[in-house]
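Chain by chain, the residues run as shown.
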Amino acid sequence: MDFAEILGRTGALVEAELVRLLHGPMVAGVPARLAGAMRHAVLGGGKRLRPFLVLETAQLFDVGPDEALPAALAVELIHGYSLVHDDLPAMDDDELRRGRPTVWKKFDEWTAILAGDGLQALAFEVLAASPPGSKLMNGGLAGEVRARLIVALAEASGVRGMVGGQAFDLEADKLGNPRQPDAAHIRRLQAMKTGALIRVSCEAGALLAQAADNDRSALRSYGTQLGLAFQISDDLLDVEGDATTVGKAVAKDAAAGKATLVSLIGLEAAKTELSRAVREAKAALAPFGRRADRLVQAAEYVAARDK
Ligand code: GRG
């Protein structure tokens, strides 16, 4: 099966659970405008790559979707919140996301801020507790497993991960600090800003299964290289992509004079690094043999994606 089809199937499963969640008891009685903004942010779009990584790494250890879905939804809710906040005028000031108006554009800024906050809290609630009435089965997850997932997600999405990376990025953009970011600075901020959430999505399978340390670290390496590949391909899309296909504005980085790995090391070197990251991602999966075939496909897909 081709990878777009595989991703589409996971996407449909994840979408159905997100619909159930965002229309269910956890958002019952919530102000309608806020709930609408949260749904606009999360439903009906997105590749669902991070939930795919959670579900797929879980199946390496025979952990099925019933047990893995809460973690898959949690990473997607965090991802959704990060995009809502990133698009705000105070941050990246974007009006288009997934081919639709961004949340602040469709609603307003304060609603978008609160919707992002709400999605973040919901992510941790979903990990910590089974939504009542949901068919999600994390009632069966051991308390210690849940606690480890919560810690891992907090680390990856918080100040030592995504939020810290975003702060480095905005400081460079808006305050000129550092005045001329070098490649090492860009690599570090990207590993935090976008890499950490992708990496934790890959580690989640090992956490859910309470797998051996060497398996967890193999998935960590895979996730690190995949995150790097994802970011380089995102930079390349900004240079070479088509706005309609990508679903958001392109050529923004160059127009803003923003330092990216592509602008610092050049297009050819970036493409070489992308190939190396994909190679290393695939190599990290060797211990899992054929069971990891779809994760191998994911690495190839990330490098070749056009949206
Ligand atoms: C606001 C705390 C805070 C953090 C924002 C993730 C992020 C940090 C900003 C997003 C900026 C950006 C466009 C980064 C490039 C990589 C990226 C996350 C792209 C979007 O992810 P996809 O392609 O999106 O998985 P879909 O729409 O498929 O879900």
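All values derive from a computational prediction rather than experimental measurement. (Residues numbered from 1 in each chain as written. Predicted model: local features only at pLDDT ≥ 70, side-chain atom pairs only at ≥ 80, totals over all residues. Heavy atoms only, no water.)

### Brief notes about the site of the ligand
Next, step 1: Neighbouring residues of the ligand: 20 residues in total, closest Lys47, Arg50, His79, Arg98 and Asp234.
Next, step 2: Lysine 47 places a polar side-chain atom, nitrogen or oxygen, 2.5 Å from an oxygen atom of the ligand.
Next, step 3: In the complex, 93% of the free accessible area of the ligand, which totals 700 Å², lies under the protein chains.
Next, step 4: Of all the elements in the fold, those that place two or more residues in the shell around the ligand are helix H4 (65-86), helix H8 (162-175), helix H9 (183-209) and helix H10 (213-240). (Near = heavy atom within 4 Å. Polar contact = N/O pair within 3.5 Å; in protein donor to acceptor, adjacent residues only side chain to side chain. Areas by Shrake-Rupley, 256 points an atom, 1.4 Å probe, with all protein chains shown as cover. Helix = DSSP H or I, 4+ residues; strand = E, 2+ residues; numbered from the N terminus.)

### Considering H4
Next, step 1: For H4, with 22 residues, the first-to-last C-alpha span of 30 Å sits near the 32 Å given by 1.5 Å per residue.
Next, step 2: When you tally the buried positions in H4, you get 19 out of 22 residues, the bulk of the element. (Expected span 1.5 Å × (residues − 1). Buried < 20%, exposed > 50% of the residue type's maximum accessible area, 1.4 Å probe, protein only.)

### Observations regarding the environment of proline 65
Next, step 1: Positionally, proline 65 belongs in helix H4.
Next, step 2: Judged by its relative accessible area of 45%, proline 65 falls in the partly exposed class.
Next, step 3: Ignoring anything within four residues of it in the chain, the contact list for proline 65 reads Leu13 and Leu55. (Contact = heavy atoms within 4.5 Å.)

### Description of the nonpolar core
Next, step 1: Membership of the largest hydrophobic core comes to 85 residues, with the highest contact counts inside it found for Phe52, Leu53, Leu77, Leu149, Leu208 and Tyr222.
Next, step 2: Counting residues per element, this core draws most heavily on H4, at 11 residues.
Next, step 3: Dropping the residues within four chain positions of it, leucine 53 is found in contact with Ile198, Ser201, Cys202, Tyr222, Leu226 and Leu295. (Core = buried A, V, L, I, M, F, W, Y, C linked by side-chain atoms within 4.5 Å.)

### Quick notes on unusual backbone geometry
Next, step 1: For the peptide bond that leads from asparagine 177 to proline 178, omega is 0 degrees, which places it in the cis range.
Next, step 2: Among the secondary structure elements, proline 178 is positioned in the loop between H8 and H9.
Next, step 3: The backbone of arginine 48 shows a phi angle near 60 degrees, a positive value even though the residue is not glycine.
Next, step 4: Inspection of the secondary structure assignment puts arginine 48 in the loop between helix H2 (32-42) and helix H3 (49-59).
Next, step 5: A positive phi angle, near 55 degrees, is found at aspartate 93, a position not held by glycine.
Next, step 6: Along the chain, the position of aspartate 93 falls in the loop between H4 and strand E1 (96-97).

### Some points on the packing of H3 against H10
Next, step 1: Running from N to C, H3 and H10 point in directions that differ by 160 degrees, and their axes come no closer than 13 Å. Our classification of the angle between H3 and H10 gives roughly antiparallel. Taken as a pair, H3 and H10 cross one another with a handedness that is right-handed. Residues Leu49, Arg50, Leu53 and Thr57 of H3 lie in contact with H10, whose contacting residues are Leu219, Tyr222, Leu226 and Phe230.
Next, step 2: Residue composition of the contact of H3 with H10, by class: 6 nonpolar, 1 polar and 1 charged. (Axes fitted to C-alpha atoms, helices over the stretch in contact; angles between N-to-C directions. Parallel < 35°, antiparallel > 145°, perpendicular 65-115°, else oblique. Left-handed = near helix turned anticlockwise from the far one by under 90°. Nonpolar A, V, L, I, M, F, W, Y, C, P; charged D, E, K, R; others polar.)

### Description of the confidence of the model for the protein
Next, step 1: Chain-level pLDDT for the protein is 92 on average; 93% of the residues reach the 70-or-more range.
Next, step 2: Here residues 132-137 scores under 50 on pLDDT; set against residues more than four positions off or in separate chains, the count is 13 contacts. (pLDDT = per-residue confidence, 0-100.)

### Some details on the packing of H3 against H4
Next, step 1: For the pair H3 and H4, the least separation of the axes is 8 Å and the interaxial angle reads 155 degrees. Classified by the angle between their axes, H3 and H4 sit roughly antiparallel to one another. Between H3 and H4 lies a crossing whose hand is right-handed. Here Arg50, Pro51, Val54, Leu55 and Ala58 of H3 lie close against H4, whose contacting residues are Pro65, Ala68, Leu69, Ala71, Ala72, Val75, Glu76 and His79.
Next, step 2: Taken together, the residues that form the contact of H3 with H4 break down as 10 nonpolar, 1 polar and 2 charged.

### Some words on the packing of aromatic side chains
Next, step 1: One pass over the full model with this rule turns up 3 aromatic pairs.
Next, step 2: Pairing phenylalanine 3 with tyrosine 301 gives two aromatic rings, centres 5.0 Å apart and planes at 50 degrees, and the pair type is tilted. Placement of phenylalanine 3 in helix H1 (residues 3-22) and of tyrosine 301 in helix H15 (residues 293-304) is noted, with a sequence separation of 298 residues between them.
Next, step 3: Classification of phenylalanine 3 by relative accessible area gives buried; the value is 6%.
Next, step 4: Pairing phenylalanine 61 with phenylalanine 288 gives two aromatic rings, centres 5.9 Å apart and planes at 85 degrees, and the pair type is edge-to-face. Taken together, the positions of phenylalanine 61 in the loop between H3 and H4 and phenylalanine 288 in the loop between helix H14 (267-284) and H15 put the pair 227 residues apart, joining distant regions of the chain.
Next, step 5: Judged by its relative accessible area of 10%, phenylalanine 288 falls in the buried class.
Next, step 6: A network of ring pairs unites the aromatic residues Phe3, Phe52 and Tyr301 as a single cluster. (Phe/Tyr/Trp six-rings, centres within 6.5 Å; stacked < 30°, edge-to-face > 60°.)

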